[in-house]
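# Survey of secondary and tertiary structure
Here's the letter readout for the chains.
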Amino acid sequence: MKKYFVLLAGLFFAVQLSAFEFKADFSKGKWDPADFVMVKGPRWTKVGSWIQEKDHIVQNVPATATELDLYRRMHDEAYVAMCYGKKIQMDKKVVCTSTMSFDYRMAPLIVIAPSLGTHKPSGSPEFREHWEIVLYDLGMNVWKHMWINDKPAWVKHSYLLAPYKPLTRYELKISISATRKGQMMEVECESRKFGCHLPGLGKEFYLGIIGCEGRNRFYDFKISAPNGKVLEK
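Now for a look at the structure at hand. All values reported here derive from a predicted model rather than from experimental measurement.

Cut-offs used in this document
Position labels on residues start from 1 in each chain and follow its written sequence. In keeping with the model being predicted, local features are shown solely for residues with a pLDDT of at least 70 and side-chain atom pairs are shown and tallied solely at 80 or more, while totals for entire chains, interfaces and linings include all residues. The basis for every side-chain value is the complete set of non-hydrogen atoms in the structure, without hydrogens or water. The criterion for strand pairing is that DSSP finds at least two bridges linking the strands in question. Segments assigned H or I by DSSP are reported as helices when at least four residues long, segments assigned E as strands when at least two residues long, and all are numbered from the N terminus. To count as a disulfide, a pair of cysteine sulfur atoms needs to be within 2.5 Å. Type-normalised accessible area, obtained with a 1.4 Å probe on protein chains alone, sets the label of each residue: buried when under 20%, exposed when over 50%, and partly exposed for intermediate values. Within this document, salt bridges are pairs made up of a side-chain nitrogen of Lys or Arg and a carboxyl oxygen of Asp or Glu, the two lying within 4 Å of each other. Each polar contact in these results corresponds to two N or O atoms within 3.5 Å; when the atoms are within protein, one needs to be able to donate a hydrogen and the other to accept it, and residues that are neighboring in sequence are counted only if both atoms are side-chain atoms. Between two residues, a contact is recorded if the distance between any of their heavy atoms is within 4.5 Å. Here a Phe, Tyr or Trp ring, Trp counted by its six-membered ring, pairs with any other such ring whose centre lies within 6.5 Å, and the pair is stacked when the planes are under 30 degrees apart, edge-to-face when over 60, and tilted otherwise. Any Lys NZ or Arg CZ found within 6 Å of a ring centre and within 35 degrees of that ring's normal is scored as a charge over the ring. Buried Ala, Val, Leu, Ile, Met, Phe, Trp, Tyr and Cys residues form a nonpolar core when they are joined through side-chain atoms within 4.5 Å.

### Quick word on the pairing of strand S14 (residues 170-179)
- Looking at chain direction, strand S7 (residues 93-102) and S14 are connected through 8 bridges and run antiparallel. Residue pairing in the sheet places Met-100 in a bridge with Tyr-170 of S14.
- Judged from the 7 bridges that link them, S14 and strand S15 (residues 182-189) form a sheet pairing that is antiparallel. Counterpart to Ile-176 in the pairing with S15 is Met-185.

Here it is in structure tokens:
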């Protein structure tokens, strides 16, 4: 009987070792920027940066920019993206959450990127094909971004219409699952949930956050990959 319990304990410990968990609290002094890589958007001219506030991070945009400026004409200045610095290799499921808010209308989001390209001539990491799971005042969108003939293209893949308020904290949650019919994703916020298929995603990808089209505030970022692991850059 003793050997039986020892065996069970060993199996439990092995399972625990194979799971991957990452948590970042974006409060001042509670997270390490070295855990992340800043990524350039292929439509914009520069790599953005964050301003550290007491309990969150927000895009570093001109202090004089109004919310209408950022929403209508200052997309380059408003876009800031970063990914956890190592690829996640999933087994059956990966869950990613971020607590976020928007000051005006839109558009904080979680991003999934199978790989990162390199911008020339700067050498900065740059998105190629990727998925954006977006929160905004009228609901949640899933956008598929493609890389065709060395140029970005995009299409709205799926969506849910629902009201969300500015200046309000929300936890956006995505769950990616391996099924017999391919990888499926569930998107959830404030008990509203919808699902979609992720064709061609693959079992290895980066996860991160993007702020755009207005001032977006991020309070935390978490990844859970039962039986998964991380790969080097």
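### Overview of the state of the cysteines
- On inspection of all chains with the given rule, the structure shows 0 disulfides.
- Between Cys-189, a free cysteine, and Cys-96, which holds the nearest cysteine sulfur, the sulfur-to-sulfur gap is 13 Å.
- There is no disulfide at Cys-196, and the cysteine sulfur nearest it, in Cys-96, is 14 Å away.
- The class for Cys-196 is buried, based on a relative accessible area of 6%.

### What about the pattern of salt bridges?
- Inspection of every chain in the model, using the stated rule, returns 9 salt bridges.
- Between Arg-73 and Asp-69 there is a salt bridge; the shortest N-O distance is 3.5 Å.
- Note that Glu-188 and Lys-193 form a salt bridge whose closest N and O atoms lie 3.9 Å from each other.
- The class of Glu-188 is partly exposed, set by a relative accessible area of 25%.
- According to the relative accessible area criterion, Lys-193 is partly exposed, its value standing at 46%.

### Brief notes about the side chain of Arg-128
- Of note, Arg-128 is situated in the loop between strand S10 (125-127) and strand S11 (130-136).
- You can call Arg-128 buried: its relative accessible area is 17%.
- A distance of 2.6 Å separates the side chain of Arg-128 from the side chain of Glu-126, its partner in a polar contact.
- What Arg-128 contacts, discounting residues up to four positions off in sequence, is Ser-115, Gly-117, Thr-118, His-145 and Trp-147.

### Focus on the packing of aromatic side chains
- Evaluated as defined, the whole model comprises 12 aromatic pairs.
- When the centroid spacing of 6.4 Å and the interplanar angle of 85° are considered together, the rings of Phe-36 and Tyr-84 count as edge-to-face. Taken as a pair, Phe-36 in strand S2 (residues 36-39) and Tyr-84 in strand S5 (residues 80-84) lie far apart in primary sequence, 48 residues in all. Of the two residues, Phe-36 and Tyr-84, neither departs from the other in class, the shared state being buried.
- An aromatic cluster is built from Phe-20, Phe-22, Phe-26, Trp-31, Phe-36, Tyr-84 and Phe-221, whose rings are joined through pairwise contacts.
- The ring of Tyr-159 has Lys-156 sitting right over it, with the charged end atom 5.3 Å from the ring centre.
- The residue whose ring lies beneath Arg-192 is Tyr-164, and the NZ or CZ to ring-centre distance is 5.0 Å.

### Quick notes on the environment of Cys-212
- Topologically, Cys-212 is positioned in the loop between strand S17 (204-211) and strand S18 (216-218).
- By relative accessible area, which is 11% here, Cys-212 ends up buried.
- Note: C-alpha distance between Cys-212 and Ala-78 (134 residues apart in sequence) is 5.0 Å.
- Excluding residues that lie within four positions of it along the chain, Cys-212 makes contacts with Gln-59, Ala-78, Tyr-79, Met-106, Ala-107 and Leu-109.

### Remarks on the nonpolar core
- Ranked by size, the top nonpolar core spans 45 residues in total, and within it Phe-26, Ile-112, Ile-174, Met-185, Leu-207, Phe-221 and Ile-223 carry the most contacts.
- Formed by 17 residues, the second largest nonpolar core is a distinct cluster that contains Val-39, Tyr-79, Cys-83 and Tyr-136.

### Here we look at the side chain of His-130
- You can see His-130 is positioned in strand S11.
- Given the relative accessible area of 3%, His-130 is considered buried.
- Of the polar contacts made by the side chain of His-130, one reaches the side chain of Glu-132; its length is 3.5 Å.
- With sequence-adjacent residues up to four places away left out, His-130 is seen in contact with Val-111, Ile-112, Ala-113, Pro-114, Trp-143, Lys-144 and His-145.

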